[in-house]
Amino acid sequence: MECDVAVLGGGPAGYTAAIRAAQLGGKVVCIEQEPELGGTCLRVGCIPTKAWVQTAHALHDARETFAKLGVGVSEPQLDFPQAAAWKDGVVAQMTGGVAGLLKANGVEWVRGTGRFTSATSISIEGGEDVTFKSAIVATGSYPMRPPIPGLDSPRCVDSTGLLGQTAVPRRLVVLGGGIIGCEFASIFAHFGSEVTIVEMLPTLIPQEDEDAAKELRKAFKKRDIAMHLEKQCTGVDDLGDHLVVHFGDGESVEADLMLVAVGRAPSVEGLGLDEIGIPTDPRSGIATDDHMRTAIPTIFAAGDVAGRWQLAHTAFREGEIAAENAMGHESVLGTPSVPRPIYTDPEIAGVGLTEAQARERYGDAVAVGVFPWVANARAVMSGATTGWVKSIHETTYGELLGLIIVGPHATDLIEVGVVAIDAESTVETIADGIAPHPTLSEAIKEAGLVALGRAIHLPPKRR
C-alpha cells in the first residue's frame, strides 16, 4: 500500500495530523492498533475522566448548592453503573466521531500494529506493508509503574484500570499528587470513597503556581481527603480482600484499591525507530525540531511521544505542524502559550508563567493582582466562591506574563489568558477592556485592576 503520508497512531496528534495532511491534498493512511480511534485521551483518558468530573460536579451541586438557591431535592445518591454508562456513551460518541472525520476526509484507517522497517516503509502485523513519502509518529504515552514491591497486585491499577471499575472502592489510595492523581482523588471523594494521597514531593500539583497548589490542598483537607506529602511509598501488601500500603517511616494505610498515578512515559518501544536511525529515549521520547521533524527529514513526531508536553491540546497543534511540513509546507511550532487545565474541585487553570517563575526571570519588576471569587457577583449568585484569579505582569512595559485561575469554570476561562499572552497584550489591555456584567469573566479584568493598584470592587484591606 502506497501513500503520501503514513501516520502511526490515531490519538489527538495522529488523527489531527492525518486529517490536516488529507486537507492539503495528500493520500493519507492512519495506522492504529486499538479497536477505536482517539488514543488515550478519547478512550481511557481526558474524555472519560471528565465525564465523571461532570457526575462529581452534579453530586456536589445537589448536596451543597441547590438548597442555597432555593431548590429542594432529596439526598442525592450516586448510581455508579449509570455514571459508568454515561462515561462509556460519551467515549463512544467521540471516538465514533473521529472515525467519521477520517472517512469524510478520505483518510484510510489501517487497523493493526505498525513498525518501521525503513525510512520509507512500515510493516503491519498481519497486514499489507505501507510505503510512504513522509511519516508522522504519534504513538502517545503509557502510565509508568515504579519498582515498588507489591505494586503488581491486581488491586493496584493505573488510570485505565480505575476507569474500568464496576463499583466505587470504599477506600482508595492514590499514589501520586500530580494532575491525574488529584483529578481522580477529587472525583472519588465526591463518589463517596475514603481517599488518601501519597506524594513524595512537598506539594500537590508541583508544576503549578504555588498559591494554586495551596488552595487545592486546603479544599482537599476540607473534604477529608488525607494527604501524606514528602512521603515515598515503600511497599504494598495484598491481603486478598484489601491492601496495606506502606509509606514514609513505618506508616501505612489500608485500601480496597490503589491508583498508581506517577506519570506517563512516551510509547517508543517496538516501533523500529532506532534501527532506521531515529534515536529514542524512554523518558523524553523522540527528539524533534521546531517543524516536528526527527533525525530523518521525512519522518516527523507529534504528541506525547515527542516529549514536549503531555496534553491533548498541544498534541492537536503539533499534529497540524507535522502534517503541514510533511506535505511540503513551511510550518513552525514556535513558543505558543499552553493552557494548563486541572479538573479538580475547585478547578485550576494556568497559562504563561507562575508567580515564582515570573519573579525568578524578572526579579522585582513583577506585579501581581489577585481577585477573589467572593467579590464577583456571578460567583456569589451561583454559590461557588472558592478561589480567585491571579494576574501576573512585568512592570517595565506592562506585558502580561501569566494568568492563574482557581475556582468555577477556570478551565474554560483560561483561554482569555492564552489569547492575551500570545498577542503580547499588556495588563492594561485586560484591565481597561469592557467585561460583560455580571459574569465570571469579569474577575480576569478585576485581577488586572488589582495588579495596577486600581481595584474598584475590593476594599483597601484586600488589595
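Attention in this report is confined to the structure presented alongside it. (Residues numbered from 1 in each chain as written. Predicted model: local features only at pLDDT ≥ 70, side-chain atom pairs only at ≥ 80, totals over all residues. Heavy atoms only, no water.)

### Let's talk about the sheet that holds strand β14 (residues 251-255)
Under the convention used in this document: Pairing between strands is defined by DSSP: at least two bridges between them are needed. Secondary structure counts use DSSP, requiring at least four H or I residues in a row for a helix and at least two E residues in a row for a strand, with both numbered from the N terminus. Fitted lines through C-alpha atoms serve as axes, helices being fitted only where they are in contact, and the angles separating the N-to-C directions of these axes extend from 0 to 180 degrees.
Sheet architecture is open: 3 strands sit in the order β12-β13-β14, paired in antiparallel fashion. Each edge of the sheet is formed by a strand with only one pairing partner; in this case those strands are β12 (233-238) and β14. Strand after strand, the sheet turns through a mean of 20 degrees between neighbouring axes, direction not considered. Here 5 bridges tie strand β13 (residues 243-247) to β14, and the two strands are oriented antiparallel to one another. Residue pairing across strands places His-246 opposite Ser-252, the latter belonging to β14.

### Looking at the packing of helix α3 (residues 46-64) against helix α6 (residues 179-191)
This is how the line gets drawn: To sort the angles, those under 35 degrees are grouped as roughly parallel, those over 145 as roughly antiparallel, those from 65 to 115 as roughly perpendicular, and the leftovers as oblique. In this scheme, a crossing is called left-handed if the near helix is turned counterclockwise away from the far one by less than a right angle; it is called right-handed if the turn is clockwise. Note on contacts: a residue pair is in contact if any heavy atoms of the two residues lie within 4.5 Å. Note that Gly is not counted as nonpolar here; it falls among the polar residues with everything else outside the nonpolar set of Ala, Val, Leu, Ile, Met, Phe, Trp, Tyr, Cys and Pro and the charged set of Asp, Glu, Lys and Arg.
The interhelical angle for the contact between α3 and α6, taken along N-to-C directions, is 45 degrees, at an axis separation of 9 Å. By the criterion of interaxial angle, the relationship of α3 to α6 is oblique. Seen from above, α3 lies across α6 with left-handed handedness. Judged by residue contacts, Thr-49, Lys-50, Trp-52, Val-53, Thr-55, Ala-56, Leu-59, His-60 and Arg-63 of α3 engage Glu-183, Phe-184, Ile-187, Phe-188, His-190 and Phe-191 from α6. For the contact of α3 with α6, a count of residues per class yields 8 nonpolar, 4 polar and 3 charged.

### Some details on the state of the cysteines
The cut-off we apply is this: Here, two cysteine sulfur atoms that lie within 2.5 Å of each other are counted as a disulfide. Burial classification: accessible surface area is computed with a 1.4 Å probe over protein chains only, and a residue below 20% of its type maximum counts as buried, one above 50% as exposed, and the rest as partly exposed.
Following the criterion strictly, the structure yields 1 disulfide and no others. Note on Cys-233: no disulfide assigned, nearest cysteine sulfur contributed by Cys-156 at a separation of 7.9 Å. By relative accessible area, Cys-233 is classed as buried at 11%.

### Observations concerning the sheet that holds strand β23 (residues 388-394)
Taken together, 5 strands build an open sheet; the order of strands is β20-β21-β24-β23-β22 and the sheet is antiparallel. Each end of this open sheet is capped by a strand with a single partner; those strands are β20 (340-342) and β22 (366-372). Pairwise comparison of adjacent strand axes, ignoring direction, gives a mean angle of 10 degrees for this sheet. Across 5 bridges, strand β21 (residues 348-352) lies against strand β24 (residues 400-406) in antiparallel orientation. Each bridged residue has a counterpart across the sheet, and for Gly-352 the counterpart in β24 is Gly-402.

### Some thoughts on the environment of Pro-154
Relative to the helices and strands, Pro-154 is located in the loop between β7 (141-143) and β8 (156-157). The class for Pro-154 is exposed, based on a relative accessible area of 71%. Along the sequence, Pro-154 and Asp-432 sit 278 residues apart, while their C-alpha atoms lie 56 Å from each other.

### A short note on the packing of aromatic side chains
Stated precisely, the cut-off is as follows: Only centres within 6.5 Å qualify two rings of Phe, Tyr or Trp (six-membered ring in Trp) as a pair; their planes then separate them into stacked at under 30 degrees, edge-to-face at over 60, and tilted for everything else. Remark: a charge is flagged as sitting over a ring if the NZ atom of Lys or the CZ atom of Arg is within 6 Å of the ring centre and within 35 degrees of the ring normal.
The tally for this structure, following the rule as stated, stands at 7 aromatic pairs. Measuring from ring centre to ring centre gives 5.9 Å for Phe-116 and Phe-132, while their planes differ by 85 degrees; the resulting arrangement is edge-to-face. Pair noted here: Phe-116 is in strand β4 (residues 114-118) and Phe-132 is in strand β6 (residues 130-137), with a separation of 16 residues, a long-range link. Aromatic pair Phe-188 and Phe-191: ring centres 5.4 Å apart, planes at 65 degrees, arrangement edge-to-face. Placement of the pair is Phe-188 and Phe-191 together in helix α6, with a separation of 3 residues, close to one helical turn. Of the residues examined, Phe-188 reaches a relative accessible area of 0% and is grouped as buried. By relative accessible area, which is 6% here, Phe-191 ends up buried. Through a chain of ring-to-ring contacts, three or more aromatic side chains come together here, namely Trp-52, Phe-80, Phe-188 and Phe-191. When the ring centre of Trp-109 is taken as reference, the NZ or CZ atom of Arg-111 above it lies at 3.6 Å.

### Concerning the packing of α3 against helix α4 (residues 80-104)
Relative orientation of the contacting elements α3 and α4 amounts to 140 degrees, with a least axis distance of 9 Å. By the angle class used here, α3 and α4 are oblique. Note on packing geometry: the crossing formed by α3 with α4 is right-handed. Taking contact as the criterion, the partners of Ile-47, Pro-48, Ala-51, Trp-52 and Thr-55 in α3 are, on α4, Phe-80, Ala-83, Ala-84, Trp-86, Lys-87, Val-90, Val-91 and Met-94.

### Quick word on the pattern of salt bridges
Rules: Basic side-chain nitrogens of Lys or Arg form a salt bridge, by our definition, when they fall within 4 Å of a carboxyl oxygen of Asp or Glu.
Scanning all chains against the criterion turns up 22 salt bridges. Connected via shared salt-bridge partners are Asp-209, Asp-211, Glu-355, Arg-359 and Lys-390.

Without other data, these values stay purely geometric and don't point to any function.
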